[in-house]
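Fold and contact review
Spelled out, the chains give:
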Amino acid sequence: GENVEQHPSTLSVQEGDSAVIKCTYSDSASNYFPWYKQELGKRPQLIIDIRSNVGEKKDQRIAVTLNKTAKHFSLHITETQPEDSAVYFCAASRGSQGNLIFGKGTKLSVKP
Amino acid sequence: EAGVAQSPRYKIIEKRQSVAFWCNPISGHATLYWYQQILGQGPKLLIQFQNNGVVDDSQLPKDRFSAERLKGVDSTLKIQPAKLEDSAVYLCASSSLQGNSPLHFGNGTRLTVT
């Protein structure tokens, strides 16, 4: 069945450094790729998303890149801050109109 | 706009008991999802509704889980009987479109089965 792999499972960076989280997906028909941030005990919240007709999207310190040929996409956070510490989930649509399949998450720790 | 409302926030039950969770989506959102999030994992879809119809329930353990959205607005998810492995956070989410649109999650119900 469809699958989304996410790496690394944990990531520790120093404040001000960059963080990169990578995901691969198996369904070549997937065309929507959101990223969610989940703080401890809280709901997942959308931070950025990208569609298959776009290769890169940026929103302030956050950017996402998509390589449809290789079926992988990445989240880039620059100038990390302690409040960026959370679990980040990538997701891919099931087919072109389907619901989302989530990765297992990356726990990001930003040390001051 | 008001977010997705879920209740209860926490629930502790013994195995073989039954439990029900309630969700009210964002006003106007036709698509409603129930996800199960086991500790340390990503959300896993249980069921997707479009208005009051089921779009995808392929991963719902139908021998013990059931869900309904009778009037196309709020929804209930039931587990009967519960097993230890059902301990998880049950997240409800809604979206304005059926696919390829952002999900808005509720705060979830944390279920502990002892």
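Along each chain, numbering runs from 1 in the same order as the chain's sequence is written. As a convention, the first chain written is A and the first ligand written is 1, with the rest following in written order. Under the rules for a predicted model, residues below a pLDDT of 70 receive no local features and side-chain atom pairs below 80 are neither given nor counted, while totals for whole chains, interfaces and linings still include all residues. Hydrogens and water molecules were not included; the side-chain quantities draw on all heavy atoms of the structure.

Moving on, we come to the overall build of chain B. Where helices and strands are cited, they refer to DSSP runs of H or I of at least four residues and of E of at least two residues respectively, numbered from the N terminus. Across its full length, chain B holds 0 helices and 11 strands. The globule rule used here is 2.2 Å times the number of residues to the 0.38 power, and the radius of gyration it is set against is calculated over C-alpha atoms. By the compact-globule yardstick of 13 Å for 114 residues, chain B fits well, its C-alpha radius of gyration being 13 Å. Overall size of chain B, expressed as C-alpha extent along the three principal axes, is 35 × 25 × 25 Å. Note on contacts: a residue pair qualifies if any of its non-hydrogen atoms lie within 4.5 Å across the two residues. Partitioning the intrachain contacts of chain B with sequence separation of at least 6 by distance along the chain shows that 52% fall at a separation of at least 24. When charges are counted, neither His nor the chain ends are considered; positive counts come from Lys and Arg and negative counts from Asp and Glu. In plain terms, the charge of a residue is placed at NZ if it is Lys, CZ if Arg, CG if Asp and CD if Glu. Across chain B, the 12 positively charged side chains and the 9 negatively charged ones have centroids separated by 5 Å.

The next subject is the pattern of salt bridges. Residue and element names in this part refer to chain A. In the sections that follow, a salt bridge refers to a side-chain nitrogen of Lys or Arg positioned within 4 Å of a carboxyl oxygen of Asp or Glu. Evaluated as defined, the whole model comprises 7 salt bridges over all chains. With a closest N to O distance of 3.7 Å, Glu39 and Lys37 form a salt bridge. On the basis of relative accessible area, Glu39 is assigned to the partly exposed category, the value being 33%. Between Lys42 and Glu39 there is a salt bridge, with its nearest N and O atoms 4.0 Å apart. Buried means the residue's accessible area, taken with a 1.4 Å probe over protein chains only, is under 20% of the maximum for its type, while exposed means over 50%, and partly exposed covers the values in between.

Bringing unusual backbone geometry into the picture now. With an omega of -5°, the peptide bond between His7 of chain A and Pro8 of chain A qualifies as cis. Secondary-structure assignment places Pro8 of chain A in the loop between strand S1 (4–7) and strand S2 (10–14). Although it is not a glycine, Glu79 of chain A sits at a positive phi angle of roughly 45°. On the secondary structure map, Glu79 of chain A appears in the loop between strand S8 (72–77) and strand S9 (86–93). A positive phi is found at Arg16 of chain B, a non-glycine position, where the angle reads about 80°. You can see Arg16 of chain B is positioned in the loop between strand S2 (10–13) and strand S3 (19–24).

If you look at the interface, chain A gives 21 residues, while chain B gives 23 residues. For any pair of parts, buried area is found by adding up, for both, the accessible area (1.4 Å probe) each one loses once the two are put together. Interface of chain A and chain B: buried area, both sides summed, is about 1700 Å²; carbon and sulfur atoms make up 45% of it. When residues of chain A are sorted by the area they lose upon contact with chain B, Arg43, Asn99 and Phe102 of chain A head the list and together hold 34% of the total. Here chain A and chain B share 0 salt bridges between them. We call two N or O atoms a polar contact when they sit within 3.5 Å, provided that within protein one can donate a hydrogen and the other can accept it, with sequence-adjacent residues counted only if both atoms are side-chain atoms. One can count 8 residue pairs in polar contact (both at pLDDT 80 or more) joining chain A with chain B. Broken down by secondary-structure element, the contributors of at least two residues to the side of chain A that touches chain B are strand S4 (32–38), strand S5 (45–51), S9 and strand S10 (100–102) of chain A. Split by residue class, the side of chain A that touches chain B holds 7 nonpolar, 9 polar and 5 charged. Under the scheme applied, nonpolar residues are Ala, Val, Leu, Ile, Met, Phe, Trp, Tyr, Cys and Pro; charged residues are Asp, Glu, Lys and Arg; polar residues are all the others, including Gly.

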